[in-house]
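Residues per chain, in single letters:
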Amino acid sequence: MKRTLMITTLCVISTLPAFGQGTPQKPDAMPSVDQILDKYVQALGGKAAIEKVTSNVIKGTFDLPAMGMSGPLEIYAKAPNKNATIINLAGFGVVQFGFNGTIGWSQDPQSGLREMTGTELADTKRDSDFYRDIKLKQLFPKMTLTGKDKVGDRDVYVIEATPADGKPEKMYFDTQTGLLLRLDNDRESPQGAAHVETYFEDYKETGGVKTPFTIRIVRPDISFTIKTAEVKQNVPIDDAKFNKPATQ
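Everything numeric here is computed off the predicted structure, so don't read it as measured data. (Residues numbered from 1 in each chain as written. Predicted model: local features only at pLDDT ≥ 70, side-chain atom pairs only at ≥ 80, totals over all residues. Heavy atoms only, no water.)

Visitor: How would you explain the pattern of salt bridges if you had to name every residue and give the values?
Guide: Within the structure shown, the criterion is met by 21 salt bridges. With a closest N to O distance of 2.7 Å, E51 and K47 form a salt bridge. You can see E51 and its partner K47 sitting in helix α3 (residues 47–52), four residues apart, about one turn around the helix. Looking at K47, the relative accessible area reads 45%, which means it is partly exposed. Overlapping salt bridges bring together D123, R126, D127, R132, D165, E169 and R187 as one network. (Salt bridge = Lys/Arg side-chain N within 4 Å of Asp/Glu carboxyl O. Helix = DSSP H or I, 4+ residues; strand = E, 2+ residues; numbered from the N terminus. Buried < 20%, exposed > 50% of the residue type's maximum accessible area, 1.4 Å probe, protein only.)

Okay, structure coming up:
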């Protein structure tokens, strides 16, 4: 479910209007990238538990304090790589976006209905993989452990992950729990490139799999928070839910 929420945060970055890192310390003894990723999967609940989930329906809230916007949020996700999100932002309107396995799209009062292309589409396709958390080495062929750092008061291992068709991302894994606490990346949108820091907090277990119930997104010009209130797993979702809406 963490992946489901993550794709929502990244797509919101592309739809919101634009507004006018610590250096890791390298210790002597470090685990391997494989060991860190294996511990992460186990911390989430294990590969078998993750693969038992084939769909998610999430309800929660979206809060954008700097713009005085907030509202209910619904996310639908289905294996292998489909997702759709609906956010009703007071003072702005309805924001929708999705990926049907081929086409990535978004619709909002500011930009209207549009299809994603180029780097934005490549990022969306990769982020939409329902089993992203257990396929990181496939999605990021080059992964390098760069050292240790801090996220809040937690020690973390920092991995630089480079996809085949995109910019490197930085993943921060808790040295004790193994959970992913932060993700840094650069994302393209109609407003231009944006550096994004995503913080994963308040992990809870749902159906044998741990997921962050609070996600904070910070970029130089704005920040917002997604809080999960309800999760339903393995529910039927019509594939039409993920298709680009017909033009009016």
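Let's pick the thread back up.
Visitor: Run through the packing of aromatic side chains, naming residues and quoting values.
Guide: Applying the stated rule across the entire model yields three aromatic pairs. Look at F130 and Y131: their rings are 5.1 Å apart centre to centre, the planes differ by 85°, and that puts the pair in the edge-to-face class. Accessibility expressed as a relative area gives 9% for F130, which makes it buried. Y131 gets classed as buried once you look at its relative accessible area, which sits at 17%. (Phe/Tyr/Trp six-rings, centres within 6.5 Å; stacked < 30°, edge-to-face > 60°.)

Visitor: For the nonpolar core, give the residues involved together with the corresponding values.
Guide: Core analysis: the largest hydrophobic core is formed by 50 residues, its most contacted members being F62, L136, M143, I159, M171 and F173. At seven residues, helix α2 (residues 33–44) tops the list of elements feeding residues into this core. In contact with F173, other than residues within four places in its own chain, are I36, L37, Y40, L136, D155, V156, Y157, I159, G178, L179 and L180. If you look at the next biggest cluster of nonpolar residues, it comprises six residues, including V151, V156, V158 and L181. (Core = buried A, V, L, I, M, F, W, Y, C linked by side-chain atoms within 4.5 Å. Contact = heavy atoms within 4.5 Å.)

Visitor: Outline the environment of M171, listing residues and values.
Guide: Checked against the element boundaries, M171 lands in strand β9 (residues 169–174). Between the alpha carbons of M171 and V156 there is a distance of 9.2 Å; along the sequence they are 15 residues apart. Those residues in contact with M171 that sit more than four places away from it in its chain are R132, L136, F140, M143, Y157, V158, I159, A161, L180, R182 and L183.

Visitor: Kindly report on the pairing of strand β7 (residues 142–151), identifying the contributing residues and their values.
Guide: As defined by bridge partners, β7 adjoins strand β8 (residues 154–162) across nine bridges and the pair is classed as antiparallel. Directly across from T144, in β8, lies its bridge partner E160. Counted between consecutive antiparallel strands, the loop separating β7 from β8 contains two residues, among which G152 sits at a positive phi close to 65°. (Pairing = 2+ DSSP bridges.)

Visitor: I'd like a description of the pairing of strand β10 (residues 180–187), backed by residues and values.
Guide: Among the eight residues of β10, seven are classified as buried, and the element is accordingly described as predominantly covered. Relative to β10, β9 is paired through four bridges, and the arrangement is antiparallel. Residue M171 lies in a different strand from β10, and its bridge partner there is L183. Two successive antiparallel strands, β9 and β10, enclose a turn made up of five residues, where G178 displays a positive phi of approximately 85°. For β10 and strand β11 (residues 194–206), the ladder comprises six bridges, and the chain directions are antiparallel. Its bridge partner lying in β11, D186 is registered against H195.

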